[in-house]
Amino acid sequence: MQTGKIIDHIVKWLKDYAVQNSYIKGFTVGISNGIDSSVVSTLCARTGLPLLALELPINLSKTKENRKSIHVEWLKNKYGNDQIRSMNINLTEAYNKLKETCTRLQSNDKTELALANVQSRIRMTTLYYFAQVNGHLVVGTGNKVEDYGVGFFTKYGDGGVDINPIGDLLKSEVRALARELDIDQSIINAQPTDGLYGDMRTDEAQIGATYDELEWAMKQYEKKYDSEQMTEREKKVMNIYSQRHQANRHKIKEIPICIIPKEFKQLT
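Residues numbered from 1 in each chain as written. Predicted model: local features only at pLDDT ≥ 70, side-chain atom pairs only at ≥ 80, totals over all residues. Heavy atoms only, no water.

What follows deals with the overall build of the protein. Broken down by element type, the protein carries 14 helices and four strands. Its C-alpha atoms give the protein a radius of gyration of 20 Å, within 12% of the compact-globule value 18 Å for 268 residues. Dimensions of the protein, computed from C-alpha atoms along their principal axes, come out at roughly 55 × 55 × 45 Å. Counting the 268 residues in the protein, one finds 43% classified as buried. Pairs at least 24 residues apart make up 74% of the contacts formed inside the protein by residues separated by at least 6 positions. Of the roughly 15,600 Å² that the protein leaves accessible, carbon and sulfur atoms contribute 51%. (Helix = DSSP H or I, 4+ residues; strand = E, 2+ residues; numbered from the N terminus. Rg over C-alpha atoms; globule rule 2.2 N^0.38 Å. Buried < 20%, exposed > 50% of the residue type's maximum accessible area, 1.4 Å probe, protein only. Contact = heavy atoms within 4.5 Å. Areas by Shrake-Rupley, 256 points an atom, 1.4 Å probe, with all protein chains shown as cover.)

Below you can see the structure in the form of structure tokens.
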């Protein structure tokens, strides 16, 4: 993979998009301190346009909440405070109020997942508030496996963005960009987690397969494959990928629109 050329291509794509839409003054990115948001925010910074990096903690311990983002500090040191602005906005109170209101009215065995998605949607709303008041675009941080493979994102949460510069890159390819961009090694080595559960369970623990396995399954799924030639583990991974891909197609595809027959619209 020609990593340097891919980086230059994405940076040019971002800058061209902003130039073609003259109302765009910069980019807003949600910073999770994971590899995807670190790569995306760095790509945005390389355009030379203003970048607002937002950390949006919910129910973090005081120690974690007060810890400065290694990546945000690195961005400021590299590109300067004039270009890179950041905020750390604690959304715990807003989340807890909404949680209390909703669960008081109804709660069942789907509540835990619903509340996890609520966290992501509150963050999305916050990103769009600051993007709008600054004339920015909200830039997505989902990779190809998550967004178009297994659909491992929240609809209208972290999936609610204006543009996505890494949506055509596999996780392994994002790692390659991170190394080329000189992202901190601790971020590259960290286990991916969506941070929506208090126990900080990893993405791979939730899905049941590693990203490398999912990349393999995604390639197999896109072509005719013979399950008889697979090991038991490969069959299990294919099953995980297939089930998640089918179950989450509603996230990946455009929303269904009820098309009204033309004759129903004609005046009689």
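There's plenty left to go through after this.
Moving on to a nonpolar patch on the surface. Taken together, the side chains of Tyr156, Ile255, Ile257 and Ile259 define a hydrophobic patch exposed on the protein surface, amounting to about 490 Å² of accessible area. By relative accessible area, which is 65% here, Ile257 ends up exposed. (Patch = residues over 30% accessible without salt bridge, like charges linked within 9 Å, V, L, I, M, F, W, Y side chains within 5 Å. Salt bridge = Lys/Arg side-chain N within 4 Å of Asp/Glu carboxyl O.)

You will see that Tyr156, though not glycine, has its phi angle at about 60°, which is positive. Within the secondary structure layout, Tyr156 lies in the loop between α7 (144–150) and α8 (171–180). On the basis of relative accessibility, which here comes to 49%, the residue Tyr156 falls in the partly exposed class. Located in the positive-phi region is Asp182, a residue other than glycine, with phi close to 65°.

Moving on, we get to the packing of aromatic side chains. Inspection of every chain in the model, using the stated rule, returns three aromatic pairs. Relative to Phe130, the ring of Tyr129 lies with its centre 4.9 Å away and its plane at 90°, an arrangement referred to as edge-to-face. Residue placement shows Lys171 over the ring face of Tyr211; its charged tip is 4.9 Å from the ring centre. The aromatic ring of Phe153 is capped on one face by Lys251, whose charged end is 5.2 Å from the ring centroid. (Phe/Tyr/Trp six-rings, centres within 6.5 Å; stacked < 30°, edge-to-face > 60°. Lys NZ or Arg CZ within 6 Å of the ring centre and 35° of its normal.)

This part covers helix α2 (residues 35–45). Burial analysis of α2 places eleven of its eleven residues in the buried class, which makes it a mostly covered element. Within α2, burial applies to Ile35, Asp36, Ser37, Ser38, Val39, Val40, Ser41, Thr42, Leu43, Cys44 and Ala45.

A word on the sheet that holds strand β3 (residues 84–88). By definition, the strands of a sheet pair up through backbone hydrogen bonds, in either a parallel or an antiparallel sense. Read across the open sheet, the four strands follow the order β3-β2-β1-β4; overall the sheet is parallel. Looking along the sheet, the strands with just one partner apiece sit at the ends: β3 and β4 (136–138). Between one strand axis and the next, the sheet turns by 20° as a mean value, whatever way the strands run. Relative to β3, strand β2 (residues 51–55) is paired through five bridges, and the arrangement is parallel. Its bridge partner being in β3, Leu52 is matched across the sheet by Arg85. In the packing of α2 onto the sheet, the strands contacted are β1 (26–30), β2 and β3, and the crossing angle to β1 comes to about 170°. (Pairing = 2+ DSSP bridges. Axes fitted to C-alpha atoms, helices over the stretch in contact; angles between N-to-C directions.)

Its location among the elements puts Thr92 in helix α5 (residues 92–105). Note on Thr92: relative accessible area 15%, which makes it buried. Residues in contact with Thr92, not counting those within four places in the same chain, are Pro57, Ile58 and Asn59.

Here we take up the pattern of salt bridges. With the rule as written, the count across this model stands at nine salt bridges. Across the pair Arg104 and Glu100 runs a salt bridge, and its minimum N-O distance is 4.0 Å. In this pair, Arg104 and Glu100 both sit in helix α5, four residues apart, roughly one turn of the helix. Between Lys110 and Asp109 there is a salt bridge; the shortest N-O distance is 4.0 Å. Taken individually, Lys110 and Asp109 each receive the classification exposed, so the pair is uniform in this respect.

Before going further, it helps to examine the packing of α2 against α8. One way to put it is that α2 packs onto α8 with a least axis distance of 10 Å and a crossing angle of 55°. It follows that α2 is oblique to α8 by the angle criterion. Of the two possible hands of crossing, α2 and α8 adopt the one that is left-handed. Here α2 contributes Ile35, Asp36, Val39 and Leu43 to the contact with α8, which in turn contributes Lys171, Val174, Arg175, Leu177 and Ala178. Among the residues making up the contact of α2 with α8, the classes are represented as six nonpolar, no polar and three charged. (Parallel < 35°, antiparallel > 145°, perpendicular 65-115°, else oblique. Left-handed = near helix turned anticlockwise from the far one by under 90°. Nonpolar A, V, L, I, M, F, W, Y, C, P; charged D, E, K, R; others polar.)

Below, the discussion takes up the nonpolar core. Judged by nonpolar contacts, the single largest core of 32 residues is most densely connected at Phe27, Val39, Leu43, Cys44 and Leu51. Looking at this core, the element that brings in the most residues is α2, giving six residues. If sequence neighbours within four positions are ignored, Leu51 has contacts with Phe27, Val29, Ser41, Cys44, Ala45, Leu75, Gln83, Ile84 and Arg85. Val150, Phe152, Ile240 and Tyr241 belong to the second largest nonpolar core, which has 15 residues in total. (Core = buried A, V, L, I, M, F, W, Y, C linked by side-chain atoms within 4.5 Å.)

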